[in-house]
Structures are given as structure tokens and as C-alpha cells.
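# Summary of the model geometry
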Amino acid sequence: MANDSTDELTSEETPEAEPIYETLTYLDKTEQNQRLAVEELINTETSYVQNLQLCISDIRNHLQKKQLPEIDLEGLFSNIDDVLHISRRFLKGLEAAMNQEHEQLYRISTLFQELKEEMENTYKIYCGDYDQALLLLEIYRNEPRLQKEIVDTLTVTVPHIGASDLSFFLVMPVQRVTKYPLLLQKILENTPVSDSAYGALQAAAAAMTDVNANINEYKRRKEVANKYNKPGYLTLRERLARLNPHSIAKKTTRLSRLFMQEAGIVPKTKDKEFDTLEEKFQELSSAVADLKENVASFLSNTEVFLSYKPHENELGTEGGTIQQYCQLAGKLHSTIFAEFRRRLENLVYLPLVNLSETLKGPQKLIKKRLDKQLDYEEFEEKRNETGSVTYEEEAAMNTYLAINSLLVSELPVFNQVARQWLGHILRTFVALLRDLAKQVLQEAEREATQLPHRHLPAPDFGKMVKDSLSQAEAQLYSYCKKFETVMPSSVAEQPLSPAEERKVHLLMSKHGPEKLYQVTSNTSGSKNMDLVLQRGQIVALLHDRDTKGNTNRWLVDSGGPRGYVSPGKLQPYHLVQNPKPRMQVSVPGGSGEQMHHPYNLPQAPSPALHFRTQALHVVAGYPFAARSSHEVSLQAGEPVTVLEPHDKKGCTEWSLVEVNGQKGYVPSSYLVTVPIPEPPGWGSPAWPYPAPQT
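The paragraphs below set out a description of the structure included in this document. (Residues numbered from 1 in each chain as written. Predicted model: local features only at pLDDT ≥ 70, side-chain atom pairs only at ≥ 80, totals over all residues. Heavy atoms only, no water.)

## What to know about the overall build of the chain
Scanning the chain from N- to C-terminus turns up 16 helices and 10 strands. When contacts within the chain are restricted to residue pairs at least 6 apart in sequence, those whose partners lie at least 24 apart make up 68%. Accessible surface computed for the chain: about 43100 Å², of which carbon and sulfur atoms make up 55%. (Helix = DSSP H or I, 4+ residues; strand = E, 2+ residues; numbered from the N terminus. Contact = heavy atoms within 4.5 Å. Areas by Shrake-Rupley, 256 points an atom, 1.4 Å probe, with all protein chains shown as cover.)

## Describing the environment of Arg88
Mapping Arg88 onto the fold places it in helix α3 (residues 80-98). Non-local contacts of Arg88, meaning those with residues more than four positions away in its chain, are made with Val49 and Gln53.

## Section: a nonpolar patch on the surface
A surface patch of nonpolar side chains, amounting to about 330 Å² of accessible area, comprises Leu456, Phe461, Val465 and Leu469. Here Phe461 lies in helix α15 (residues 458-486). (Patch = residues over 30% accessible without salt bridge, like charges linked within 9 Å, V, L, I, M, F, W, Y side chains within 5 Å. Salt bridge = Lys/Arg side-chain N within 4 Å of Asp/Glu carboxyl O.)

## Quick word on the packing of aromatic side chains
Inspection of the entire model under this criterion finds 13 aromatic pairs. The interplanar angle of 75° and the centroid separation of 5.6 Å between the aromatic rings of Tyr517 and Trp554 together place this pair among those described as edge-to-face. Here Trp554 lies in strand β3 (residues 554-557) and Tyr517 lies in strand β1 (residues 516-519), a separation of 37 residues in the sequence. For the pair shown, Tyr517 and Trp554 are each scored as buried. Taken together through their ring pairs, the aromatic side chains of Tyr622, Phe624, Trp654 and Tyr670 make up a single cluster. Note that Arg369 overlies the ring of Phe274, its terminal NZ or CZ placed 3.6 Å from the centroid. Lying over the aromatic face of Tyr564, Arg553 brings its terminal NZ or CZ to 4.4 Å of the ring centre. (Phe/Tyr/Trp six-rings, centres within 6.5 Å; stacked < 30°, edge-to-face > 60°. Buried < 20%, exposed > 50% of the residue type's maximum accessible area, 1.4 Å probe, protein only. Lys NZ or Arg CZ within 6 Å of the ring centre and 35° of its normal.)

## Observations regarding the sheet that holds β1
Read from one edge to the other, the open sheet built from 5 strands follows the order β4-β3-β2-β1-β5, with strand pairing classed as antiparallel. Edge positions in the sheet fall to β4 (562-565) and β5 (570-572), since each of these pairs with one other strand and no more. Here the average twist between neighbouring strands, direction ignored, is 45°. Two elements, β1 and strand β2 (residues 538-543), share 3 bridges in a ladder whose sense is antiparallel. For Tyr517, the partnering residue across the bridge sits in β2 and is Val539. (Pairing = 2+ DSSP bridges. Axes fitted to C-alpha atoms, helices over the stretch in contact; angles between N-to-C directions.)

The following block contains the structure:
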């Protein structure tokens, strides 16, 4: 019985031992698969980092040493250095986690979550540039010489891998970042739900899935942006060829909605975040454009300065300090100033040009965003009314959202980088000016030590300076006399033709004489609404700046078209009458000096001298409307009595006159002198001019 019961007990317990064995076997297999999955993550990461190091230290450096300007290494490898840096940190963290057996899975999960944002930002840039790198490789394959150089580099640097194309290495970061969620999922599948690291592994897998989703979304946005940001310029013929009924209807709808928004008929979508970013971008663009224009003018003026070399001319003097001046000026022109101009162009102007070109891409994208925003608002309104939109309309709405999201995420970075770029250019400009001043000062001080009068006492030095200035003044006067005989008269001294005088009178009556300017040299417009004017032409100033507030472009009226001109090519104009007998009036003053009035009056003869001449009197040459109680109105041809040929401050631009019993100030340029007609047979009476009171 005992044996029977024992056998019976054994027979009953034996079947229960089989499930326990199966459970233990299952747990051992799951744990083994988990360990294999972790090892796969670490081993593949190690191999990946080694291949990245080969790609950078061997392949790229070998191509750099070949110095092939046709191969764009930056376009091919993008930010692969950043990818290698983050991968090394990640691998180091994985190796450290392997040493902590009980918290291994938790450490791995935490490492993924800690590096999530940095991985996303790094791989986003590389994956976004990957398609462009493939296009470059395709171009190089069609060039046998370049393709041979690339293949030779692979053969020399990585012969053990057997790669026949550079794309074998370039695709590795793209493949690696997409494999992280799969590796984590494999570890998660072999981890019991009861494990303490299960929740952390789930969060890590979800984080890397989000990273890949965000990278794909970034690539989609960038593809949309590249579609509307292609380089090149379309001619008018090409633009007309692209017009069709659909595009015309689309543009008409946009324009109509824009007008309704401006009129307040329909609401306008407001995006404060984007509006703030765009405002900063537009301010930056304006600053770069103005600085580029000013530096270009500075370079042009420097060229003009270097073109004049007075030290190479015969100055008509011998010996002394003149020889030292010529040596100093020659050295400055040939070395210091020429080197400054070269450095200014290479280190300041060309970077400004590149920065200006870089700004065109975001500018075009911002403009396209406005067009797509109008479409989005139109279709959104339709969906709210009807409940649905077509597939094409849905795609257009998504395009706007993609462009807007890309600009909101990228404009802050772009603005920051562009500001840093601009700041570096400005600091370079200041440094160049400082170096120039330092070099010129050093050369001047070196020459000053060789001057014979460097040890003279102050009184003797002052006397020497006065004597030298007197001698120079006499020489300059002699030179000026010679120039007057060979040089043509200045623009202001040349009388106008009758047709030009009529136009000047018209401009004066419309704008006033104080607004008249004369063109000193021919102008050729380089911007929109710039005028083409000839030397000597008269214009009237309308506004001393353009619509953007640029004071280097004045809005003028040329008597026909209106437009902009540089103020540097204008000078104030005072009407020059056709040649007539011209005299000056002497006005008594406390200092005994004569004040010359711009209009014609007979000169005061000495008290004892009486002579006979044709009688003259002052009349109003042009009508003038008084603007205050201190002024008096004039009618053209009206006789005027000049009381004082200046105002209370002595300015001769205004004269105190009496007209019809009223006294007041009028512009002096409005007054002219005309002869008094004499009856036949009469002669001009003797005119005794009162002597000045002493």
C-alpha cells in the first residue's frame, strides 16, 4: 500500500513538473533574446561610429588634400562632424550602461531620452541635406574625371570595405537614425511587462519614433520651400508663357481677397509670432542693403582718391620738405592705401554681397507665404461653410502650413546667424580703418623725425609756418589765375538757354527759389525711379529722402518726370540772368565793409562825383505770396523800394522792401533791376548818390 501510494503520488506530481520546466525555458529564452538585442544595439553603434570616423578622417580629408574646387565637400558631407560627435557620446553612454548589470536597461532608456533633442536637431540637418548630396554625386558620376578621383580615394583609404561609391558612407546616418526605434522595440518585446525598466523602454521607443517623425516632417517642409525658392530669374517672356486661365484666376482671387482685407470686409489672419520674426528679418535686410550701398560708395570714392596722384606731378618747387612729402604720399598711395582698398573689398564688401544674396531666399519664401496664406484663408472659409474642400485645396492649405511652420522654426536661427555675420563684417570694417590710421600715423611720424625744423622753438616754428603759408597762398593764387584761363566756366556761371529759363521759372513758381538745385555732373539711374539728368540741368527738390527713409536719394521734379537723384550731384541754384550791366550796392556798416547784394543796383559813387548813366529801378521779377506778417506779397513787374538788402541777421537771401506803402521781407532772388524808359529826346539826369554817413 505504501508503495502503491508512493507510486501514485509520483505519478500525480510528475505531470506538474513539465509546465514549470517550460516556463523556465521561456524565461531563459526571453532573457537571452533581450541580451542579444542589447548587444546588437551596442555592436552596431560601435561599427557605425568607426565608419563615420573613416568617412571623415580618411575619405573627406583625402579629397580635401586633392584640392578639387569642382567637388562641394560641404554639400556632400553636410554636418557629419556633428553626427559623429553625438554618436560618440551616445556610444560612450551605452558602454557605461553595460557595466551596470541590474540597471542596464533603465540606463539605456534614459540615455535615449536625454539625447533625444540633440539627436533630432543634428540628424534633421543631415537628412535634410541628404537629397542634395545625392544630386551632387549624380553630377560627379557624369564627369569621368571627378568620378575617377572619388573612386581612387575610396580605393586608397578604405580598400577593406570594398565600397565602389561614396553613397555607401553618406547613407549611414540616414539609416542609423531610422533603426533606433526598431532596436528599442526589439529590446522591449523581450522585456517582461513586470520589469522595472519596461516603462522607461516604452518612453525611449516613443521618443525615437517622434524624432523620426519630426525629421520626416522637416524634410517635407524643406522640399516645399525648395519648390518655391529655386534660384534663377524669369524673363518677361517666360513669365507670360507661364500664364494660363487657372493661374490668372488664382492670382485674381488672391488680389481680391487682399483688397477686401485692407478694406476691412473680411478678417485677416494674425500670427504675432511670425509677424515679429518677419519684422526683425526685414529690418536686417534693410540694414544690409544700406550698408552694402554705402560700402560700395566708399569703395568708389577710394578708387577716385587713388586715381589722383599729386605727388607724381611737377609742383614747381625744389628740395626741402617737398621731396619728403612726395616720398610719403607715394608710399601711402602705392602700398598702404592700395592694400586697404583690396582688404576692404575682400573682407567687407564681398561678404556683404554674399549676405545680401543669402537674404533673398527667405525673402522669396516670405512672399510666397503671403500668397499661400490668402489661399488658405479662402479655402478655410469654404470648409467652414460647406464642410469640405477638394484634394487640391487641401494640398494648398497644407502647403501654407508647411511654409509657415518652416519659417517660424528657421527664421529665429537665420536672423541670429545673419546678425552675427553682419556684426562680424562691421567689426572687420572698423578694424581695417583702425589699421589704416595706425599705419599712416607710423609713416607720418617716421617722416616727421627727419624734418629740419623738428627742434625749433615754438615762436620760430610759428613764424616759419606763417611764412610758408604766405608763400603757398601766393603760389595757389598764381595757379588759380592760370586755371581760369584754361578751365571752362563752372556750371553755375553758365547762362541758361531761353527754353531752360522758362522751365526754371515754372519750377520756381511751383516750388519756390529755395528748392531749386543744379546738377553738377551727368547722372545715370541704377535703381527704380532714378532719373537720368545732364550736367547743368535745373531741378526742384520735393523731398530729401526716399520712401524707405534713405537720405542718399532725393525726390526731385525735373520739369517733366519726377524721380530720385543723389544729393552729392546737386548744388543750390541761384538764377543767372542773361548778361547785363551788373553793379553792386554798398551798404554802410560798422566795420566799413561792403555787403554785396545778389540783384542789380547801381554802385554808390563817391560824394563829389556826379555822372550820367541810364536810370535803373528794382521790380519784382516773380510773384510772391506772403506767408507771415513779416513778409509782403509781390506781383510780377511791380516796382519795389529796397530799404535793406538783408534781414536783421545780415543774411542777403532776404531783403526789406516797401511795396505800395507796405513794408516787409521778400526773397532777394525775386528782385531784378530794369532800366527806366526815357521819353524821346530826354537824357538821363545826373544822379547824386548820398554819401555814407560816418
